[in-house]
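Observations on the three-dimensional arrangement
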Amino acid sequence: MKTSIVGYPRIGSLRELKFASEKYFKDEISAEELQKTAKDLRKSHWQIQKDNNIDFIASNDFSFYDNLLDTAMLLNVVPKRYSNLKLSKLDTYFAMARGYQGKNGDVKALAMKKWFNTNYHYMVAEIDDDTTIKLADTKPFELFKEALELNIKTKPIIIGAFTFLKLARFTGKKNMLNFIDDIIDAYSKILDEFNILNAEWIQFDEPYLVMDLSQEDINIFNELYSKILAKKGNAKILLQTYFGDVRNCYKDICSLDFDGIGLDFVEGKKSLELVQNNGFPKNKCLFAGIVNGKNIWKNNYAKSILTITELQKYSNNIFLNTSCSLLHVPYTLKNELKLADSYKKHFAYAEEKLLELYELKSILSSKNPLETQEYINNAKIFAEDRMCNNIEVQKKCANLSNSDFIRLPKFEVREKIQKDVFKLPILPTTTIGSFPQTTEVRKYRADYKKNIITEDEYNSFMENKIAECIKLQEDIGIDVLVHGEFERNDMVEYFGECLDGYIFTEKAWVQSYGTRCVKPPIVWGDISRAKPMTVKWSKYAQSLTDRFVKGMLTGPVTILNWSFPREDISLKSSAYQIALAIREEVLDLEKNGIKIIQIDEAALREKLPLRKSDWHSDYLDWAIPAFRLVHSGVKPETQIHTHMCYSEFSDIIKEIDDMDADVITFEASRSDLTILDVLKQNSFQTQSGPGVYDIHSPRIPSKEEIVKVIKKMLEKIPAEKLWINPDCGLKTRGVKETIPSLEHLVQATIEVRKNIK
Ligand code: GLN
Ligand code: ZN
């Protein structure tokens, strides 16, 4: 029995890669210095895997921004507008990732999307009719050699041809079928190169296989791999799947010439059943994903052993694996200096998961697995009472009735009442909530946490920032204001820290996109609101202005989706508990004179199950009600906004409308505006603010550009239902680009308004 991982995080246990990259973006260090940091990180990641006796150590899981973008570079999928900038290879890469505005030109970044059901984002490769797919880069080979020089033979990881094509955006007349031959050729060349280097195993990641596949998809997959594998040479090929099960193509992948198949036994509801019903090919190795790559709870050895023992009936070649890349969990508990051991002993981050794999291997290799010390220690932890119950909360949840989920009066009635109360101009302008978080803001927050400054000092700093922010918005001429969210490190962690039942970490950073990381809090027990969380700030902000200031909360589904959830109760139960806590805050804000309350559900779409048949039963049937529970108690004249990141909710448009918010803002600028057609076709009743510019890039949109976007939106959305706003919070942006961008937004709106009725 051997151990393997699907991939390792790359940002650095103290986010070294993030800080180096951001310095490079600001021209503070050279490309060589950035490369040096990257190299040191790779070395230490390989070494850690080696120290933990991992048999299949991963390479090419490193990336400066995103693995899919790396694959696009590898396959020559670089749109002309980027290569035309004539930048260095590294800077062309970053131009695709982040956009470029400088002496060589002005281009937007590629679109960005969520990676399956995770909070990681990948860059969408863009293929046009002039694209020639061919092997065009050497990164995977160089990294393989780099590890060899350290005496470590790695298993290189490359996103597979099928997933790559399925996730690509075809902007011309051609579609994926037109690129099959070229991509087969490119992957064959990749295999040739690795054969020259004597690589033993190569991992192709094909997570797309866990999606609902059509027969045509399966045919394409078969064609791709029957041809790619024909040229595999001496190298062994592992087909790695994750985030679900491969029910549509299990037999197909078993009959192809792969040497190993990686299945996910954590999220793959049917993975075990597939093996039981169909067997597993004798000549292949089964990489059994049993250590959860997405959550931080310790592996329950008893359960894993049961799964492996069952699998051993079908295969003699089982390797222990993670369920997916460890990219989605933080680095190591060693950096959690403040978290008590009574908590920590229940958790395993990436490094500790390596040890779990090793322990499982030793347990399973011993004569009496259940008598090994590793097993006994693990069983003890799971037998313990974690002291996390709150009977009162459990009772409240049990007593919920249908009427708790329904806001009255109906939308149309409220809409009229609110028009009279607010008297906003047509096309009201607003922002999504946060304003740039300068180093100063972060320092004050950190100093307050460390008790370096007093509460009074902290409060008065925050009040000054809020006052500044309100003044800025008034000067720019925005209609509905925000307080700026300076008190928040993160839209979820902040609430986690204010809620009982949550615990939070110091260094549990997980990569979200590019150099950005999030630090999800941990749902430890039953959740309740310990104290008002935002009232003080919102009330202060409102006291400074005659314009309306939005109260700003994060919704229950997003709080849960961006936390590490419990594994001992259902997601639904946790979501309802959180909803009740946020509901208290909503009512408190209303009582304190806040007339517009935004409840962000940035992450609602992201945990939509990958398979359609699971959408309702596993998710929407509780996620939408959880949101309704939060706001069903407010007065008709209180306006409820929600915000969602990304506009990929075309297929759940009815459910989004059913959240029964009064206004929804969402991303739209970075993808095309197709979502607007969907809104129109479905006579979407909720007022909408599709983002008019992309805040994920430092690029400043011109007024003219925004005018065009608004006009386009007006073709699909009636003026009286349209709001004008950026596509997300501004916290990751600099002040420098934020002010002109917002000024252009307001000027553009004013210009368009002139032409309305
Ligand atoms: N209100 C939050 C902010 O502006 C929303 C962030 C988000 O959607 N990710 O930062
Ligand atoms: Zn957003």
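Parameters and conventions
Residues numbered from 1 in each chain as written. Chains lettered and ligands numbered in written order. Predicted model: local features only at pLDDT ≥ 70, side-chain atom pairs only at ≥ 80, totals over all residues. Heavy atoms only, no water. Helix = DSSP H or I, 4+ residues; strand = E, 2+ residues; numbered from the N terminus. Buried < 20%, exposed > 50% of the residue type's maximum accessible area, 1.4 Å probe, protein only. Lys, Arg positive; Asp, Glu negative; His and termini not counted. Charge placed at Lys NZ, Arg CZ, Asp CG, Glu CD. Donors = N, O, S within 2.8 Å, 3.2 Å for Na, K, Ca; no water. Tetrahedral: all angles 85-135°; square planar, octahedral: opposite > 155°, others 65-115°. Pairing = 2+ DSSP bridges. Axes fitted to C-alpha atoms, helices over the stretch in contact; angles between N-to-C directions. Expected span 1.5 Å × (residues − 1). Contact = heavy atoms within 4.5 Å. Near = heavy atom within 4 Å. Polar contact = N/O pair within 3.5 Å; in protein donor to acceptor, adjacent residues only side chain to side chain. Areas by Shrake-Rupley, 256 points an atom, 1.4 Å probe, with all protein chains shown as cover. Nonpolar A, V, L, I, M, F, W, Y, C, P; charged D, E, K, R; others polar. Core = buried A, V, L, I, M, F, W, Y, C linked by side-chain atoms within 4.5 Å. Disulfide = S-S within 2.5 Å. Right-handed = clockwise from strand over helix to strand, strands pointing away.

1. Details of the overall build of the protein chain
- Within the protein chain, the regular secondary structure consists of 28 helices and 23 strands.
- Relative to its full complement of 757 residues, the protein chain shows a buried share of 61%.
- Once the 105 positive and 108 negative side-chain charges of the protein chain are each reduced to a mean point, those two points are 1 Å apart.

2. Description of the coordination of the zinc ion (ligand 2)
- Coordination of the zinc ion (ligand 2) by the protein involves His643 (NE2), Cys645 (SG) and Cys728 (SG), with metal-donor separations of 2.1 to 2.2 Å.
- Around the zinc ion (ligand 2), the four donor atoms sit at angles spanning 87 to 124°, and that spread fits a shape best called tetrahedral.
- One chain supplies every donor for the zinc ion (ligand 2), spaced along it as H-x1-C-x82-C. Take His643 and Cys645: they sit in the same class, and that class is buried.

3. Here we look at the pairing of strand β14 (residues 318-322)
- Most of β14 is tucked away: five of the five residues are buried.
- Neither face of β14 is left uncovered, since the one carrying Ile318, Leu320 and Thr322 and the one carrying Phe319 and Asn321 both have all their residues buried.
- Alignment of strand β1 (residues 2-3) against β14, held across two bridges, turns out to be parallel. Residue Lys2 lies in a different strand from β14, and its bridge partner there is Phe319.

4. Some details on the sheet that holds strand β20 (residues 596-600)
- Pairing within the open sheet is parallel, and its five strands lie in the order β19-β20-β21-β22-β23. Single-partner strands in this sheet number two, and they are β19 (550-554) and β23 (687-690). Along the sheet, successive strands turn relative to each other by an average axial angle of 20°, direction set aside.
- Sheet topology places β19 next to β20; five bridges connect them, and they run parallel. Within the sheet, the bridge partner assigned to Leu553 lies in β20 and is Ile599.

5. Quick word on helix α19 (residues 455-476)
- End to end, α19 covers 31 Å across 22 residues, agreeing with the expected 32 Å (1.5 Å per residue, within 8%).
- Those residues of α19 lying buried are Tyr458, Asn459, Phe461, Met462, Lys465, Ile466, Cys469, Ile470, Gln473 and Ile476.
- Packing partners of the buried residues in α19 comprise α18 (439-449), α21 (535-543) and α28 (735-754).

6. Quick notes on the site of ligand 1
- Residues in close proximity to ligand 1 include Ile432, Gly433, Ser434, Glu485, Met491, Met552, Asp600, Ala602, His643, Cys645, Cys728 and Gly729, which together make up its full environment.
- Take Ser434: an N or O atom from its side chain is 2.7 Å from an oxygen atom of ligand 1.
- Contact between ligand 1 and His643: an oxygen atom at 3.0 Å from a side-chain N or O atom of the residue.
- Protein coverage of the free-state accessible area of ligand 1, which is 290 Å², stands at 91%.
- By residue class, the composition of the shell around ligand 1 is six nonpolar, four polar and two charged.

7. Brief notes about the side chain of Asn292
- Here Asn292 lies in the loop between β13 (285-291) and α12 (301-311).
- At 2.7 Å, the side chain of Asn292 and the backbone nitrogen of Lys294 are in polar contact.
- Setting aside residues no more than four positions away along its own chain, Asn292 makes contact with Val266, Ser323, Lys353 and Glu567.

8. Digging into the nonpolar core
- Counting residues in each nonpolar core, the largest one holds 248 residues, and the members touching the most others are Trp115, Phe164, Tyr187 and Phe347.
- The greatest single-element share of this core, amounting to ten residues, is contributed by helix α24 (residues 615-631).

9. Considering α21
- Within the sequence span of α21, burial applies to Val535, Trp537, Ser538, Ala541 and Gln542.
- In the core, the buried residues of α21 are packed alongside α19, α20 (493-498), β19 and α23 (571-591).

10. A look at the state of the cysteines
- In this structure the tally under the stated criterion is zero disulfides.
- Of the cysteine sulfurs around Cys249, a residue in no disulfide, the closest is that of Cys254, at 9.2 Å.
- Here Cys249 falls in the buried class, since its relative accessible area comes to 2%.

11. Brief notes about the sheet that holds strand β2 (residues 57-59)
- Spatially, eight strands are ordered β1-β14-β13-β12-β11-β10-β8-β2 in an open sheet, and the strand pairing comes out parallel. The sheet terminates laterally at β1 and β2, the two strands that pair on one side only.
- In this structure, strand β10 (residues 201-205) lies alongside strand β11 (residues 236-240), joined through five bridges in parallel fashion. Directly across from Trp201, in β11, lies its bridge partner Lys236.
- Set on the sheet, helix α2 (residues 31-51) makes contact with β2 and β8 (154-159); between it and β2 the angle comes to about 165°.
- Sitting on the sheet, helix α14 (residues 350-365) touches β1, β13 and β14, and the angle it makes with β14 is about 155°.

12. Here we look at the pairing of strand β21 (residues 639-644)
- Among the six residues that make up β21, six are buried, leaving the element largely enclosed by the rest of the structure.
- Burial along β21 is two-sided: Gln639, His641 and His643 facing one way and Ile640, Thr642 and Met644 facing the other are all buried.
- Inspection of the sheet shows β20 paired to β21 by five bridges, in the parallel sense. Residue pairing for β21: Asp600 is matched across the bridge by His643.
- Once the chain exits β20 it traverses α24 before rejoining the sheet at β21, and the crossover so formed is right-handed.
- Sheet analysis places β21 next to strand β22 (residues 663-666), joined by four bridges and oriented parallel. Within the sheet, the bridge partner assigned to Met644 lies in β22 and is Phe666.

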